[in-house]
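# Tertiary structure, described
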Amino acid sequence: MTSYGVGIDFGLMKGRLSGTVDYFNKTTNNLLFALSAAMPEVATTKWSNLDASVVNQGVEVTLNYDVLAGKKLSWNISANATVLNNKLEKLNNTVMTGSVFGQGLTGAYVQPLKAGYALYSFFVPEFQGFDSKGESVFKLDPKDNKTPLQVYAGSPIPTFTWGLNNTLAYGSFIVTGK
């Protein structure tokens, strides 16, 4: 694993307005991954390291403002936001994971690990509409013209998160709202 970051802290208006801006970059190698064990193994799962890297990089910003800064009464507003880019790199093959269950879904996977995409990205058949019998029609893989083509449908890992916090204090009584 390699990790580095750089940031800056600042304060203005005699410290009533303060904040931080941080850039981060973390690479994790040799991911530990649970694979289905081949039968007739006793266990159903076999743990293995994937020869791949996950890169998380982004920027985090935090701002704090003391709206009221009295001796007995104080009010602070704090906000933070993070932009994140998550990507799987150096994986030479596709690892099938994210199995789904239900009628007609035996052996179906929707979250294969693929280089160049975020972890846990969804790949699903591309819906083309309905045929004359009312059955779903999917775009077919040009390699065999039988298997539905799995297309990238997004990642469940957020690329942007934020938060807001208010703290109101009167004497020793403190109320915080997030």
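Keep in mind it's a predicted model, so treat the numbers as computed, not measured.

Along its length, the chain carries zero helices and ten strands. The helix and strand sequence of the chain, counted from the amino end, reads β-β-β-β-β-β-β-β-β-β. Taking 2.2 N^0.38 as the reference for a compact globule, 178 residues should give roughly 16 Å; the C-alpha atoms of the chain span a radius of gyration of 24 Å, well beyond that estimate. For the chain, the spread of C-alpha atoms along the three principal axes comes to 75 × 45 × 35 Å. For the chain, with 178 residues in total, the buried portion stands at 19%. Across the chain, contacts joining residues at least 24 apart in sequence account for 51% of those joining residues at least 6 apart. Surface exposure of the chain reaches about 12600 Å², of which carbon and sulfur atoms provide 58%. Separation of charge centres in the chain, based on 14 positive and 12 negative side chains, amounts to 9 Å.

A few words on the sheet that holds strand S4 (residues 73–89). Spatially, six strands are ordered S1-S2-S3-S4-S9-S10 in an open sheet, and the strand pairing comes out antiparallel. Each of the sheet's edge strands pairs with one partner strand only, and the pair in question is strand S1 (2–12) and strand S10 (173–177). The sheet shows a mean angle of 20° between the axes of neighbouring strands, direction not considered. Here S1 pairs with strand S2 (residues 17–36) via eleven bridges, running antiparallel. In the sheet register, Gly 5 faces S2, and the bridge partner there is Phe 24.

Across all of its chains, the model carries six aromatic pairs by this definition. Relative to Tyr 152, the ring of Tyr 117 lies with its centre 5.1 Å away and its plane at 35°, an arrangement referred to as tilted. With Tyr 117 in the loop between S4 and strand S5 (122–125) and Tyr 152 in strand S8 (residues 150–154), this residue pair connects regions lying 35 residues apart in the sequence. Judged by its relative accessible area of 32%, Tyr 117 is partly exposed. A relative accessible area of 42% places Tyr 152 in the partly exposed class. Note on Phe 127 and Phe 130: the rings are 5.2 Å apart at their centroids and 75° apart in plane angle, and the pair reads as edge-to-face. Since its relative accessible area comes to 58%, Phe 130 is described here as exposed. By way of ring pairs, the aromatic residues Tyr 117, Phe 123 and Tyr 152 are connected into one cluster. Between the NZ or CZ atom of Lys 114 and the centre of the ring of Phe 123, over which it lies, the distance is 4.3 Å.

This next bit is on the environment of Lys 146. The residue Lys 146 is located in the loop between strand S7 (136–138) and S8 in this model. A relative accessible area of 68% means that Lys 146 is categorised as exposed. When residues no more than four places from it in sequence are discounted, the contact partners of Lys 146 are Leu 140 and Asp 141.

Here we come to the side chain of Asn 86. When you line up the elements, Asn 86 lands in strand S4. When near neighbours in sequence (up to four residues on either side) are disregarded, Asn 86 contacts Val 54, Val 55, Asn 56, Tyr 117, Ala 118, Leu 119 and Ile 157.

Parameters at a glance
Residues numbered from 1 in each chain as written. Predicted model: local features only at pLDDT ≥ 70, side-chain atom pairs only at ≥ 80, totals over all residues. Heavy atoms only, no water. Helix = DSSP H or I, 4+ residues; strand = E, 2+ residues; numbered from the N terminus. Rg over C-alpha atoms; globule rule 2.2 N^0.38 Å. Buried < 20%, exposed > 50% of the residue type's maximum accessible area, 1.4 Å probe, protein only. Contact = heavy atoms within 4.5 Å. Areas by Shrake-Rupley, 256 points an atom, 1.4 Å probe, with all protein chains shown as cover. Lys, Arg positive; Asp, Glu negative; His and termini not counted. Charge placed at Lys NZ, Arg CZ, Asp CG, Glu CD. Pairing = 2+ DSSP bridges. Axes fitted to C-alpha atoms, helices over the stretch in contact; angles between N-to-C directions. Phe/Tyr/Trp six-rings, centres within 6.5 Å; stacked < 30°, edge-to-face > 60°. Lys NZ or Arg CZ within 6 Å of the ring centre and 35° of its normal.

All quantities given are derived from atomic positions and should not be read as evidence of function.
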